[in-house]
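Fold and geometry: a report
For reference, the chains in residue letters:
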Amino acid sequence: MTALAAPREAPAEARVLLRVSWDTYERILAEHNECASPRFTYDGGYLEIMPLSFEQEYPNRTLACLVGLILGEWDIDFVEAGSNTFKRPDLAKGFEPDSCFFIRHAEAVRGKKRLDLAVDPPPDLIIEIEVTEPLLPRLPIFAAVGVPEIWQYAGDTVLVKTLDLASYGQATHSAALPGLSAETITEFLRHSREMKSPAWMRRVREWAQEHGRGK
């Protein structure tokens, strides 16, 4: 295993990029099987290792909570898969999303102990938090396995991106949660930093009740 010189300078505590084989990637995953951090992304022989921080986990957990609250109020079934490891050896790609949800395909994965992208559908929605610039772009990996929608948080703004053929285009509204705009998602995230949790969750539920399913 040899380190690949990063194309740009990064803080010591930030992401690390290595050149490794798929077998080495599998061994590293096995050694960290019960660890929440770091997270690993693999693409065509390159492995990015990313430690977690409160700066990253706060928006991640808040946005995941937002999704669950709204879907619950709309009585839409879903399965939350968190940062499950997804792999496609045939594509030489593997990733651990910050958060992910099966919504349209909830029934297809319910009750399973393991998910295999060779037979199971990809998540319907992935939450992607970028507080530092990635060394290994993740959106092309998500596109390659067919994830239809990404919520990408960067610079205190949430962008909704939907898959169009082989790449993502920016959208004004979520397709997974119809009627929910990128602007509203960003506002709710900002309010979460200003409000106590019970009041914030109450506001989210009230918004969901007022707007119904895709109103």
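Notes on the structure in this doc start here. (Residues numbered from 1 in each chain as written. Predicted model: local features only at pLDDT ≥ 70, side-chain atom pairs only at ≥ 80, totals over all residues. Heavy atoms only, no water.)

All right, on to the sheet that holds strand S11 (residues 157-164) then. Reading across from one edge, S5-S8-S9-S10-S11-S12 is the order of the six strands in this open sheet, with mixed pairing throughout. Of all the strands in the sheet, just strand S5 (79-80) and strand S12 (167-171) have a single pairing partner and so form its edges. Here strand S8 (residues 99-102) runs beside strand S9 (residues 125-129); their pairing, made up of three bridges, is antiparallel. Directly across from phenylalanine 101, in S9, lies its bridge partner leucine 125. Across the sheet, helix H2 (residues 54-73) lies against S5, S8, S9, strand S10 (149-154) and S11, angled at about 155° from S9, the strand it touches most. Lying over the sheet, helix H5 (residues 182-192) contacts S10, S11 and S12, oriented at roughly 145° with respect to S11. (Pairing = 2+ DSSP bridges. Helix = DSSP H or I, 4+ residues; strand = E, 2+ residues; numbered from the N terminus. Contact = heavy atoms within 4.5 Å. Axes fitted to C-alpha atoms, helices over the stretch in contact; angles between N-to-C directions.)

Here we come to H2. Helix length check: H2, at 20 residues, gives a terminal C-alpha distance of 28 Å against a target of 28 Å (1.5 Å per residue), a fit within 8%. If you check which residues of H2 are buried, you get Gln56, Glu57, Pro59, Asn60, Thr62, Leu63, Ala64, Leu66, Val67, Leu69, Ile70 and Leu71. Where H2 terminates, the next one or two residues include aspartate 75, which has phi positive at roughly 55°. (Expected span 1.5 Å × (residues − 1). Buried < 20%, exposed > 50% of the residue type's maximum accessible area, 1.4 Å probe, protein only.)

Attention now goes to the nonpolar core. A general tendency of soluble globular proteins is for nonpolar side chains to be buried together. Ranked by internal contacts, the top residues of the largest apolar core, which has 30 residues, are Leu63, Leu66, Ile70, Trp151 and Leu177. When contributions to this core are tallied by element, the ones reaching two or more residues are H2, S9, S10, S11, H5 and helix H6 (197-211). Here this core takes seven residues from H2, the largest share from any one element. Ignoring any residue separated from it by four or fewer positions in sequence, one finds isoleucine 70 in contact with Leu177, Leu180, Val204, Trp207 and Ala208. Counting 16 residues, the second-largest nonpolar core is a separate cluster that includes Phe86, Leu117, Val147 and Ile150. (Core = buried A, V, L, I, M, F, W, Y, C linked by side-chain atoms within 4.5 Å.)

With that settled, the discussion passes to the layout of surface pockets. In this structure, the largest pocket encloses a volume near 540 Å³. Lining of the largest pocket is provided by 18 residues; of these, Asn33, Asn84, Thr85, Glu96 and Arg114 occupy positions nearest its centre. If you list the elements that add at least two residues to the lining of the largest pocket, you get helix H1 (22-31) and strand S3 (39-43). Counting residues per element, the lining of the largest pocket draws most heavily on H1, which supplies three residues. Class assignment of the residues belonging to the lining of the largest pocket gives a composition of seven nonpolar, five polar and six charged. (1 Å grid on protein atoms, 1.4 Å probe; cavity = no way out; pocket = protein on both sides within 12 Å on 5 of 7 lines; lining within 4 Å. Points joined across faces, edges and corners; volume = space filled by probe spheres on them. Nonpolar A, V, L, I, M, F, W, Y, C, P; charged D, E, K, R; others polar.)

If you check which residues of H1 are buried, you get Trp22, Thr24, Tyr25, Ile28 and Leu29. Around the axis of H1, the buried residues are gathered within 160° of arc, so they sit on the same side. Every exposed residue of H1 that faces more than 90 degrees away from the buried side is listed here: Asp23, Ala30 and Glu31. On its buried face, H1 sits against S3, strand S4 (46-50), strand S6 (86-88) and strand S7 (93-95). (Arc of directions from axis to C-beta.)

Glancing now at the pairing of S8. Every regular strand shows the same layout, with side chains that alternate between the two sheet faces. Burial of the side chains of S8 extends over both faces: Ser99 and Phe101 are buried on one face and Cys100 and Phe102 on the other. In terms of strand pairing, S5 meets S8 through two bridges, oriented antiparallel. Bridged to valine 79 within S8 is phenylalanine 102.

Let us look at the pattern of salt bridges. Evaluated as defined, the whole model comprises 11 salt bridges. With a closest N to O distance of 2.8 Å, arginine 39 and aspartate 98 form a salt bridge. Remark: aspartate 98 occurs in the loop between S7 and S8 and arginine 39 occurs in strand S3; sequence separation between them is 59 residues. Judged by relative accessible area, arginine 39 falls into the buried class, the value being 5%. Arginine 205 is the salt-bridge partner of glutamate 73, the closest N and O atoms lying 3.9 Å from each other. Of this pair, glutamate 73 sits in helix H2 while arginine 205 sits in helix H6; the two residues are 132 residues apart in sequence, bridging distant segments of the chain. When its relative accessible area of 32% is taken as the criterion, arginine 205 is described as partly exposed. Residues joined in a network through salt bridges with shared partners are Arg39, Glu57, Arg61 and Asp98. (Salt bridge = Lys/Arg side-chain N within 4 Å of Asp/Glu carboxyl O.)

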